[in-house]
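Examining the three-dimensional arrangement
The lines below spell out each chain.
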Amino acid sequence: RRRKSFLFLATIACILYFGFLLLSKDVEGGSSHNSKELKVEKHEVPREEFVNENELDYEQLKKPVYERPPLDPSALGEFGKAVHLNLEGEEKKLEEESINKHQINTYLSDKISLHRRLEERWNPMCGDIKFNYHRLPKTSVIIAFYNEAWSTLLRTVHSVLETSPDILLEEVILVDDYSEKEHLKQPLQEYVSKLRKVRLIRANKREGLVRARLLGASQARGEVLTFLDCHCECHNGWLEPILERIREEETAVVCPVIDVIDWHTFEYLGNSGIPQIGGFDWRLVFTWHVVPEREQKRRRSSIDVIRSPTMAGGLFSVSKKYFEYLGSYDTGMEVWGGENLEFSFRIWQCGGTLEVHPCSHVGHVFPRQAPYSRSKALANSVRAAEVWMDEYKELYYHRNPHARLEPYGDVTERRQLREKLQCKPFKWFLENIYPELHVPEDMSGYFGMLKNKGMANHCFDYNPPSENEVTGQKIILYPCHGMGQNQFFEYTSYNEIRYNTRQPEGCAAVDQDSDHLTMYLCRENGQEVPENQQFIFKEDGTLLHQRTQKCVQAERNAQTGNPEPVLRPCLDIDLQKWFFQERS
Ligand code: LR7
Ligand code: MN
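The written sequence of each chain sets the order in which its residues are numbered from 1. Here the convention is simple: chains get letters from A, ligands get numbers from 1, in the order in which they are written. At least 70 in pLDDT is required for a residue's local features to be given in this predicted model, at least 80 for side-chain atom pairs to be given and counted, and no such filter applies to totals for whole chains, interfaces and linings, which use all residues.

What follows is about the overall build of the protein. Each helix corresponds to a stretch of at least 4 residues labelled H or I by DSSP, and each strand to a stretch of at least 2 residues labelled E; elements are numbered beginning at the N terminus. Scanning the protein from N- to C-terminus turns up 17 helices and 24 strands. Compactness check: the protein gives a C-alpha radius of gyration of 27 Å against a globular reference of 25 Å for 584 residues, within 12% of the reference. Taken along its principal axes, the extent of the C-alpha atoms in the protein is 90 × 85 × 50 Å. Counting other C-beta atoms within 10 Å of its own, a residue is labelled buried from 20 upward, exposed at 12 or fewer, and partly exposed in the gap between, with every C-beta atom placed from the backbone. In the protein, which comprises 584 residues, the proportion classed as buried is 43%. Here, residue contact means that the backbone-derived C-beta atoms of the two residues sit within 7 Å. Restricting the contact set of the protein to residue pairs at least 6 apart, pairs at least 24 apart contribute 76%. The globule rule used here is 2.2 Å times the number of residues to the 0.38 power, and the radius of gyration it is set against is calculated over C-alpha atoms.

Structure (structure tokens):
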């Protein structure tokens, strides 16, 4: 009997103990846990030390490397407010010059404090998380820069120093990627030499952001590497959630939420809502999109990490050991572009996870336009495609006929890395990590330029209203150029005419009471195709619109004289005959 009651008590104790573990875990980070993580948790010190820790000590642990100077109530742009200078004459000219030089309003940036405060942007629940500072890994923050303006660069540095707990920040490593600007030479050296924990190293030639970052990483002493662009501002508390997640799961690569800092007014835009995650389109351009439902279901709380198929590239943390295991970066990539998707594919395909932590907010100044040439991006993307995308690289090449001709160097070593790490195929990545992405069929003879037979050298052409919007505009006919992009269409086995070089994808349809072809959003994967988006592409080249039972015909607009595809009663004429051509 005594034995039995002992067993009974032991069982109760166990239940209570595991209940406690689960609960304390939720308080701590609300992070996801699978069985593997729970196993780790069991062996760790219970969290009593926390309960006893008094508030004062906790505040002490949070102390940043530097405190912000007292707030000047007349200072511009504090709390991330927009600044409108309303300049005239000479001053206006100076402002414009600064914009033309940096593609950022650095004239204004220079007038905003390097220590400005930001308004809270996170989900309020993030403020309730308590961290065990003694247990979090330390990080080296690596910031590569090329010809950056003084104030945007130094605001980044101060912002890191003033928002990162001293106990968690190993160092800030600035890597000068062979900048030409005078202010980045002696003056910068002198300025940062007075700052605690900041080191400046310089490349001996222009390396591009990949090798510049690696130069920084090679000197880093922290357990975790944190990369930032050189025009960022960190939100209070941005670092702890990321480090906590990496402590919990070493193979997690974690990005902060990237908020926008306006290049003209320096307004800090961003909200505490659900952040967006990363994707890509078949030109291998990075895209933002909303968190899909399946991922919302997987998450345990609104402050749990969000899995993301890809990352924007500039802002993330990774365990130094794991980064090296994964093969750091492809050093064959030059200047800018491609490395972000390459790394994203590699993380997922080789067994890691890529996540956004909703409690970590960092602002980034998106310039008006690229401030330096980005022509290497094409070769970099081709390297990524050649190493990671298997047969799916063809979908990319179809949409970028130029890419196939681009010299991309040698990728043997990267393929060997993939072999060595026994990484999964791209198909696995598409099906499991990014199932929302529509995978084109590209059936032979059914993609490329959609040409008319009667109107010589005229092709379907669509100019979307903006980079991330595809719907609403009319499809027109335009002299065929063979460069993909706006003239790339795909006819699918579901009878859709898809405009799928970019995300989200557009599908040709016909407006009510109209003869025109307009672009609509395509159905989501797995949904049925609306009848209005169905066209029967017949053997003889006729394109029959299902709902109206009319045929697509090339015709000049009576008012404008511009050619366009319109619906007309079906006839056996060449103006109603269409064919696909892959290249011109
Ligand atoms: O030759 C170079 N050497 C450098 O050191 C070119 C650039 N750089 C530095 C540069 O000074 C900056 O600090 O590298 C960093 C990134 O360059 P940016 O700021 O010109 O790039 P971006 O912000 O326009 O581009 C995004 O995509 C890039 C693809 O190569 C990088 O991954 C950037 O880090 C990335 N930025 C972000 O993810 C911030 C959010 C933007 C979005 C979406
Ligand atoms: Mn940037």
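What follows concerns the UniProt feature "domain: Ricin B lectin" (unreviewed entry) in the protein. UniProt positions are given in the numbering used here, feature names are shortened, and annotations may be inferred rather than shown by experiment. Per the UniProt entry, the sites bearing "domain: Ricin B lectin" (unreviewed entry) are residues 446–581 in this numbering. As annotated, residues 446–581 comprises 0% helix and 39% strand, and the C-alpha atoms at either end are separated by 8 Å.

The next subject is the site of ligand 1. Contact assignment follows one rule, namely that a residue is near a molecule or strand if its backbone-placed C-beta atom lies within 6 Å of it. Residues in close proximity to ligand 1 total 21 residues, the closest being Asp 177, Leu 209, Ala 312, Gly 313 and Gly 314. Of all elements in the fold, only β1 (139–145), α9 (208–219) and α13 (339–349) reach the threshold of two or more residues within the shell around ligand 1. Per-element accounting of the shell around ligand 1 gives the leading share, three residues, to α9. Under the scheme applied here, ten amino acids are nonpolar (Ala, Val, Leu, Ile, Met, Phe, Trp, Tyr, Cys and Pro), four are charged (Asp, Glu, Lys and Arg), and all others, including Gly, are polar. Broken down by class, the residue content of the shell around ligand 1 amounts to 11 nonpolar, six polar and four charged.

The source of the domain bounds is an automatic or database domain assignment. By the assigned domains, the protein splits into domain 1 (58–65 + 94–372) and domain 2 (447–581). Taken over C-alpha atoms, the centre of domain 1 sits 42 Å from the centre of domain 2. Its residues assigned to classes, the side of domain 1 that touches domain 2 shows two nonpolar, two polar and two charged.

For this analysis, nonpolar core means a set of buried Ala, Val, Leu, Ile, Met, Phe, Trp, Tyr and Cys residues linked through C-beta atoms within 7 Å. If you look at the biggest cluster of nonpolar residues, it comprises 94 residues, and the most contacted ones within it are Ile 142, Ile 143 and Val 172. No other element matches strand β6 (residues 252–261), which puts seven residues into this core. Those residues in contact with Val 172 that sit more than four places away from it in its chain are Val 141, Ile 143, Val 157, Val 160, Leu 161, Lys 197 and Val 198. Ranked by size, the runner-up nonpolar core spans 32 residues in total, among them Leu 450, Cys 459, Phe 460 and Ala 509.

Okay, the pairing of strand β23 (residues 563–568) next. The pairing criterion is simple: DSSP has to find at least two bridges between the two strands. Bridge count for strand β22 (residues 550–556) against β23 is six bridges, and the pairing is antiparallel. Looking at the pairing, Gln 553 lines up with Val 566 of β23. Following β22, the chain reverses through six residues before pairing antiparallel with β23; Gly 561 in that reversal takes a positive phi of roughly 80 degrees.

Turning to helix α5 (residues 89–102), a few remarks are in order. To estimate how far a helix should reach, multiply one less than its number of residues by 1.5 Å. Spanning 14 residues, α5 covers 20 Å between terminal C-alpha atoms, matching the ideal 20 Å at 1.5 Å per step. In the segment just after α5, Gln 103 is the residue with positive phi, at about 65 degrees.

In this section: unusual backbone geometry. In this structure, Pro 504 follows Gln 503 across a cis peptide bond, with omega equal to -10 degrees. Turning to its location among the elements, Pro 504 is positioned in the loop between β17 (497–499) and β18 (506–510). One non-glycine residue with positive phi stands out, namely Asp 390, at about 50 degrees. Mapped onto the fold, Asp 390 is located in the loop between α14 (377–388) and α15 (393–399). Backbone geometry places Asn 457, a non-glycine residue, at a positive phi of 50 degrees. Taking the C-beta count within 10 Å as the criterion, Asn 457 has 13 such neighbours and is therefore assigned partly exposed.

Before going further, it helps to examine the environment of Gly 279. By the element assignment, Gly 279 lies in strand β8 (residues 277–280). Linking Gly 279 and Trp 336, residues 57 residues apart in sequence, is a C-alpha distance of 18 Å.

This part is about the sheet that holds β23. Strand order in the open sheet formed by four strands is β20-β21-β22-β23, and the pairing between neighbours is antiparallel. Looking at the sheet topology across the chains shown, the edges are occupied by β20 (535–537) and β23. Shown here is a sheet whose adjacent strand axes are inclined to one another by a mean of 40 degrees, direction ignored. Pairing between β20 and strand β21 (residues 543–545): three bridges, direction antiparallel. Note that in β21 the partner of Phe 535 across the bridge is His 545. Note on definitions: angles span 0 to 180 degrees between N-to-C directions of axes, and those axes are lines fitted to C-alpha atoms, for helices only across the stretch in contact.

Per residue, pLDDT measures the predictor's confidence, with a range of 0 to 100. Put simply, the protein has an average pLDDT of 91, and 91% of its residues get 70 or more. With a pTM of 0.89, the predicted complex shows an ipTM of 0.99.

On to the packing of α13 against α14, then. Following both chains from N to C, one finds α13 and α14 inclined at 20 degrees, their axes separated by 8 Å at the closest point. Between α13 and α14, the angle is such that the two are roughly parallel. The crossing of α13 and α14 is left-handed. Touching Glu 339, Leu 341, Glu 342, Phe 345, Arg 346 and Gln 349 of α13 are Asn 380, Arg 383, Ala 384 and Trp 388, all from α14. Of the residues assigned to the contact of α13 with α14, the class counts are four nonpolar, two polar and four charged. The cut-offs work like this: below 35 degrees is roughly parallel, past 145 is roughly antiparallel, 65 to 115 is roughly perpendicular, and the gaps in between are oblique. Two helices crossing with the near one rotated counterclockwise from the far one by less than a right angle form a left-handed crossing, whereas a clockwise rotation gives a right-handed crossing.

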